[in-house]
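Coordinate analysis (summary)
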Amino acid sequence: MLAAAVIILLVLALCFLYGWAAARGLSRLAGGLSFQPPATGLTILAGLCFLTWISQVLSLFMPVSLAAFLLVLAGGILISWFYFRSEGFPAIRTENWTIPGALLGLLVILSVLENGTHVPVNPDTGIYHAQTIRWIESFRVVPGLGN
């Protein structure tokens with residue numbers, strides 16, 4: 001469960017950094033002179049969308065495995081270094097947070113952690129899902145499942 005917690009925190013941090021970079025890049029493309037960062041939740045969701053797109057593009061050229069993750073992690077480190085050097089580290093905006101919202105977010109994270117450590121209960125997991133995941137990790141594009 002500790003490993004799952006570390007992975008969740010790493011993914012949240014990467015989503016935040018990529019979301020911040022996407023919002024900043026779109027602001028520059030739109031010619032915005034002053035950049036007002038979006039709320040933290042929206043930043044994380046934008047980063048999740050951007051990382052999903054990146055992983056789909058990477059899956060066309062390489063297996064989605066440790067190498068792809070290390071590329072995404074290197075991009076996150078580069079983004080954090082760039083913003084730390086140019087504008088200061090992207091701050092998490094907490095002015096709109098409420099206690100019930102923070103508690104709900106904590107409960108969601110804890111439930112994902114708890115459910116993520118269960119043994120799979122779907123009977124298709126050993127027949128279909130595990131093999132599909134192995135194909136996706138091993139080959140660039142799964143035959144028949146490409147876009």
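Everything discussed here concerns the structure shown above.
Reading guide: rules and limits
- Within any chain, residue numbers begin from 1 and follow the written order of that chain's sequence.
- Restriction of local features to residues with pLDDT of at least 70 applies here, the model being predicted, together with a cutoff of 80 or more for giving and counting side-chain atom pairs; totals for whole chains, interfaces and linings are based on all residues.
- By convention in this description, side-chain values take in all heavy atoms of the structure and omit both hydrogens and water.
- Here, two cysteine sulfur atoms that lie within 2.5 Å of each other are counted as a disulfide.
- Strands here are runs of E lasting at least two residues and helices are runs of H or I lasting at least four, both read from the DSSP assignment and numbered beginning at the N terminus.
- Here a helix's expected span is defined as the number of its residues, less one, multiplied by 1.5 Å.
- Throughout, nonpolar core names a set of buried Ala, Val, Leu, Ile, Met, Phe, Trp, Tyr and Cys residues whose side chains join them through atoms within 4.5 Å.
- Buried, partly exposed and exposed residues are distinguished by accessible area as a fraction of the type maximum, computed with a 1.4 Å probe on protein chains only: under 20%, between the cut-offs, and over 50%, respectively.
- Note on contacts: a residue pair is in contact if any heavy atoms of the two residues lie within 4.5 Å.
- Throughout, an axis means a line fitted to C-alpha atoms (over the contacting stretch in the case of helices), and angles, computed between N-to-C directions, take values from 0 to 180 degrees.
- Should an angle fall under 35 degrees it is called roughly parallel, over 145 degrees roughly antiparallel, and 65 to 115 degrees roughly perpendicular, with every other angle called oblique.
- By the definition used in this description, the sense in which the near helix is turned from the far one sets the handedness, with an anticlockwise turn below a right angle giving left-handed and a clockwise turn giving right-handed.

On to the state of the cysteines, then. Applying the stated criterion across every chain, the model contains zero disulfides. Residue Cys15 stays outside any disulfide, its sulfur separated by 9.0 Å from that of Cys49, the closest cysteine.

So, on to helix H1 (residues 2-29). Across its 28 residues, H1 extends 40 Å between first and last C-alpha, which sits within 8% of the 40 Å expected from 1.5 Å per residue. Gly31 sits one or two positions beyond H1 and adopts a positive phi of about 80 degrees.

Of all hydrophobic cores here, the largest spans 15 residues; its most connected members are Tyr18, Leu51, Ile54, Leu58, Val72 and Ile79. The set of elements that each furnish at least two residues to this core consists of H1, helix H2 (40-59) and helix H3 (66-86). The biggest single contributor to this core is H1, with seven residues. The contact partners of Leu51, leaving out residues within four places of it in the chain, are Leu14, Cys15, Tyr18 and Val72.

This paragraph deals with the packing of H1 against helix H4 (residues 99-116). Viewed as axis vectors pointing N to C, H1 and H4 meet at an angle of 130 degrees, and their least axial separation amounts to 10 Å. Here H1 lies oblique to H4, going by the angle between them. In this structure, H1 crosses over H4, and the sense of that crossing is right-handed. Contact residues: H1 offers Ala4, Ala5, Ile8 and Leu12, while H4 offers Ile109, Val112 and Leu113.

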